[in-house]
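One-letter residues, chain by chain:
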Amino acid sequence: MIRSHLRLVIFIGLLVVNLLQFSTASIVSTGDFNKDFFVTWSPSHVNTSADGTTRSLTLDKDSGSGFASNDMFLFGQIDMQIKLIPGDSAGTVVAFYMTSDQPNRDELDFEFLGNVNGQPYMLQTNVFADGYGDREERISLWFDPTTEFHTYSILWNLNQIVFMVDWVPIRTYRNHADKGVAYPRRQPMSITTSLWNGESWATRGGKDKVDWSKGPFTASFRNYKIDACVWKGNPRFCREASPANWWNQDTSSSLTWAQRRLFRWVRKNHLIYDYCQDSKRFQNNLPKECSLPKY
């Protein structure tokens, strides 16, 4: 009798521990950059509002700057409002991305490529899986990203990765691991932002350099939301479909019909470059995912 009671107590204890671990798997961020992020590069070039809700990065001749999340995550959705560098921003790169920061890293990139005054920004996305990238896509934006804040989001789950701009899906990368295509699904990733000098390649293939007389260059960030599974060392909690892990529900396994219409509109009207259309680059041997469904 005592032994049975003891087994019951142990079972309940383990259940409570599991529930506690599960309940901390998903997080909605505090909204305070000082609490959720740390400065990775050049603190003197990072400015944060008194209440912690807005942060800016600066680039000048001396240095760029950056910050990253305190936690790492395995699946979820990350939103960040960004206002890009106004005026002549040629050669500058504002990056907002997730990365595992390992030799065989997984990485999901937003890279905003500056331009000369009067010419539009280009938005480049890239996906690294098991250390391999070379999956660049570029689009033009349908608004001026320097006059006000816009929301840039990454949805990442076991089925798909979706890059969104103001909730419009601009790119997908599906899990086709069963067909031999690498997919980020094992390595937790941190959230990182940076502003740096990319004049060797960012604007017209490096033809337009940074005009330092127009600097310093500043990009601003605010109203971020982290709704993701915090890495605790056990991927099982992040892979389960539950109300907390809403991104693993069937409703998030593919684009909705409305999202598909918006996605096709972006591809038709704003796509500038797609690695899956660059047969010359890959010597007529395009990556396997290029022939597989996008949603």
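What counts and how
- Residues numbered from 1 in each chain as written.
- Predicted model: local features only at pLDDT ≥ 70, side-chain atom pairs only at ≥ 80, totals over all residues.
- Heavy atoms only, no water.
- UniProt positions renumbered as here; feature names shortened; annotations may be inferred.
- Helix = DSSP H or I, 4+ residues; strand = E, 2+ residues; numbered from the N terminus.
- Rg over C-alpha atoms; globule rule 2.2 N^0.38 Å.
- Buried < 20%, exposed > 50% of the residue type's maximum accessible area, 1.4 Å probe, protein only.
- Contact = heavy atoms within 4.5 Å.
- Areas by Shrake-Rupley, 256 points an atom, 1.4 Å probe, with all protein chains shown as cover.
- Lys, Arg positive; Asp, Glu negative; His and termini not counted.
- Charge placed at Lys NZ, Arg CZ, Asp CG, Glu CD.
- Phe/Tyr/Trp six-rings, centres within 6.5 Å; stacked < 30°, edge-to-face > 60°.
- Lys NZ or Arg CZ within 6 Å of the ring centre and 35° of its normal.
- Pairing = 2+ DSSP bridges.
- Axes fitted to C-alpha atoms, helices over the stretch in contact; angles between N-to-C directions.

Under an unreviewed UniProt entry, the protein has the name Xyloglucan endotransglucosylase/hydrolase and belongs to Rhododendron griersonianum. The UniProt entry for the protein carries the following text under Function (unreviewed entry): "Catalyzes xyloglucan endohydrolysis (XEH) and/or endotransglycosylation (XET). Cleaves and religates xyloglucan polymers, an essential constituent of the primary cell wall, and thereby participates in cell wall construction of growing tissues."

Before going further, it helps to examine the overall build of the protein. Counting its secondary structure elements, the protein contains 4 helices and 16 strands. The globule rule puts the C-alpha radius of gyration for 295 residues at 19 Å, and the 21 Å found for the protein is close to it. Looking at the protein residue by residue over its 295 residues, the buried ones come to 52%. For the protein, restricting intrachain contacts to residue pairs at least 6 apart in sequence, the fraction spanning at least 24 positions comes to 67%. Split by element, the accessible area of the protein, about 14300 Å² in all, is 53% carbon and sulfur. Charged side chains of the protein number 32 positive and 30 negative; the gap between the two group centres comes to 7 Å.

We now examine the packing of aromatic side chains. With the rule as written, the count across this model stands at 20 aromatic pairs. Ring geometry for Trp-246 versus Trp-247: centroids 5.7 Å apart, planes at 75°, classification edge-to-face. Its relative accessible area of 0% is what places Trp-247 among the buried residues. Ring pairs connect the aromatic residues Phe-33, Phe-37, Phe-67, Phe-221 and Tyr-224, which therefore count as one cluster. In this structure, Arg-105 is placed above the aromatic ring of Phe-128, and the distance from its NZ or CZ to the ring centre is 4.1 Å. Above the plane of the ring of Phe-237 lies Arg-236, whose end atom (NZ or CZ) is 4.7 Å from the centre.

On to the pairing of strand 15 (residues 217-230). Among the 14 residues in strand 15, 10 count as buried, and that is most of the element. Strand direction decides the pairing type here: strand 4 (residues 54-59) and strand 15, joined by 6 bridges, are antiparallel. Along strand 15, the bridge assignment pairs Thr-54 with Arg-222.

Moving on to the sheet that holds strand 14 (residues 190-197). As summarised here, the arrangement of the 8 strands in space is 2-5-14-7-8-9-10-16, forming an open sheet in which the pairing is antiparallel. In this open sheet, the two strands that pair with only one neighbour each are strand 2 (37-41) and strand 16 (271-274). Looking at each pair of strands side by side, their axes are set apart by 15° on average, direction ignored. Of the pairings in the sheet, the one linking strand 5 (residues 65-69) to strand 14 comprises 4 bridges and is antiparallel in character. For Gly-66, the partnering residue across the bridge sits in strand 14 and is Ser-194. Helix 4 (residues 257-269) rests against strand 10 (137-140) and strand 16 of the sheet, and its axis sits at about 90° to strand 16.

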